[in-house]
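Understanding the architecture of this molecule
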Amino acid sequence: MNQVVQVEKLRKTYGATVAVDEVSFEVREGEIFGMVGPNGAGKTTTIECVEGLRRPERGTVRVLGLDPTRQERALRPLLGVQLQQANLPEHLKVWEALDLYASFYPHPVDWKGLIEQLGLAEKRDAAFHKLSGGQKQRLFIALALVNDPQLVFLDELTTGLDPQARHAIWDLMRDVRQRGKTIVLTTHFMEEAERLCDRVAILDHGRIVALDTPANLIQGLGIESRIVFSVEGGRTPEGLADLPSVTRVENLGDRIVVYGRTNGQNGHAPLVAEVVNALTSRGVRFDDLRTEQPSLEDVFLTLTGQAMRD
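Residues numbered from 1 in each chain as written. Predicted model: local features only at pLDDT ≥ 70, side-chain atom pairs only at ≥ 80, totals over all residues. Heavy atoms only, no water.

Let's shift gears to the pattern of salt bridges. All chains considered together, the criterion is met by 19 salt bridges. Put simply, D21 and R11 hold a salt bridge, and the shortest N to O gap is 3.1 Å. Pair noted here: D21 is in strand 2 (residues 17-28) and R11 is in strand 1 (residues 3-14), with a separation of 10 residues, a long-range link. D21 sits in the buried class, given a relative accessible area of 15%. (Salt bridge = Lys/Arg side-chain N within 4 Å of Asp/Glu carboxyl O. Helix = DSSP H or I, 4+ residues; strand = E, 2+ residues; numbered from the N terminus. Buried < 20%, exposed > 50% of the residue type's maximum accessible area, 1.4 Å probe, protein only.)

On to the sheet that holds strand 1, then. Read from one edge to the other, the open sheet built from three strands follows the order 2-1-4, with strand pairing classed as antiparallel. Each edge of the open sheet is held by one strand with a lone partner, namely strand 2 and strand 4 (58-63). Averaged over all adjacent pairs, the angle separating strand axes in this sheet is 15 degrees, with direction ignored. Note that strand 1 and strand 4 share five bridges and pair antiparallel. Within strand 4, the residue paired with V7 across the bridge is V61. Relative to strand 1, helix 1 (residues 43-51) is tilted by about 120 degrees, and along the sheet it contacts strand 1, strand 2 and strand 4. (Pairing = 2+ DSSP bridges. Axes fitted to C-alpha atoms, helices over the stretch in contact; angles between N-to-C directions. Contact = heavy atoms within 4.5 Å.)

Successive side chains on a regular strand alternate, one facing one side of the sheet and the next facing the other. Here five bridges tie strand 11 (residues 246-251) to strand 12 (residues 256-260), and the two strands are oriented antiparallel to one another. Looking at strand 12, one finds that R248 is bridged to Y259.

As a further point, take the confidence of the model for the chain. Looking at the chain, pLDDT values average 87 and 94% of them are 70 or higher. Of the regions scoring below 50 in pLDDT, residues 264-268 engages in seven contacts with residues more than four places distant in sequence or in other chains. (pLDDT = per-residue confidence, 0-100.)

Bringing the sheet that holds strand 7 (residues 182-187) into the picture now. As summarised here, the arrangement of the six strands in space is 5-6-7-3-8-9, forming an open sheet in which the pairing is mixed. Edge positions in the sheet fall to strand 5 (79-82) and strand 9 (207-212), since each of these pairs with one other strand and no more. Direction aside, the axes of adjacent strands within the sheet are offset by 15 degrees on average. Relative to strand 6 (residues 151-155), strand 5 runs parallel, the two being bridged by four bridges. Within strand 6, the position partnered with V81 by the bridge is F153. Running at roughly 170 degrees to strand 5, helix 5 (residues 133-145) makes contact with strand 5 and strand 6 of the sheet.

Taking 1.5 Å as the rise per residue, helix 5 with 13 residues should run 18 Å; its terminal C-alpha atoms sit 19 Å apart, in good agreement. Burial within helix 5 is extensive, with 11 of its 13 residues counted as buried. Of all the positions in helix 5, only G134, Q135, Q137, R138, L139, F140, I141, A142, L143, A144 and L145 are classed as buried. (Expected span 1.5 Å × (residues − 1).)

Running from N to C, helix 3 (residues 94-102) and helix 5 point in directions that differ by 20 degrees, and their axes come no closer than 9 Å. By the angle between their directions, the pair helix 3 and helix 5 is classed as roughly parallel. The hand of the helix 3/helix 5 crossing is right-handed. Residue-level inspection shows V94, A97, L98 and Y101 of helix 3 in contact with helix 5, the latter providing L139, A142 and L143. Grouping the constituent residues of the contact of helix 3 with helix 5 by class yields seven nonpolar, no polar and no charged. (Parallel < 35°, antiparallel > 145°, perpendicular 65-115°, else oblique. Left-handed = near helix turned anticlockwise from the far one by under 90°. Nonpolar A, V, L, I, M, F, W, Y, C, P; charged D, E, K, R; others polar.)

For residues besides glycine, phi is generally negative; the peptide bonds are generally trans as well. The backbone phi angle of E156 is positive, close to 55 degrees, even though this residue is not glycine. Of note, E156 is situated in the loop between strand 6 and helix 6 (163-178). For D288, which is not a glycine, the phi torsion comes out positive at approximately 55 degrees. Position of D288 relative to the elements: it lies in strand 13 (residues 286-292).

Rendered as structure tokens:
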């Protein structure tokens, strides 16, 4: 598979602060590649170096075979970029912005179709300053796609969007990939990365601490599964911590959380069976029992010891 982006030993500093520290990775043609991490992890700076918006102190970057800082003019028409913070003239209408951006490129897509896909049809004639935060976000995404780019960079893709709009954007991104495009995105939302990305790089303190498919990252670390339930009186039932599949038990007031590692091919079944059998044999009445699968956020916590933060 062709490599659309190649980054080797990238380093970028701001005074005494090392924002990106010897980062290396590649992005493959036709994939959705995600970079996740908390604020200050270095993901936005890394992407801006790849886009040619910032010049690194050292390291090499190739995007579609070109140097983004030295060959920016040749590269720019091939890229779609949605910045984390962008602005437009406050009285510019939605359709005017898209029509204007489309005029910059020789082979733009039909921006009227983008308006429909992104749920902006009713705001076609609205001025930019009249749009909500989520509507502005959707407009920026449309502007990133209007030139029919080979490679799309999306920074905080669904920030400010409600769940329905977020899922609509995810569907659109999958459609873009199916048309042969490559997408690189940064996000705070681990669910977004887990559901949308083919591969994910986890950054912390300017370094990549893990890079793989979401499934492999979760499976490879052997992260504990969880069973959550409530019991009368909120007391932790005796004997749960001694079960073979159980690693620890927490009492969170109105909830009991049992942690353990699954065995065999049946997912949670062995752990669930042990816990349910133990509760039943002891005559413990429990409610609202559910299993929680390990997630990318669990991977992040395991690797860095800190929670994701907005």
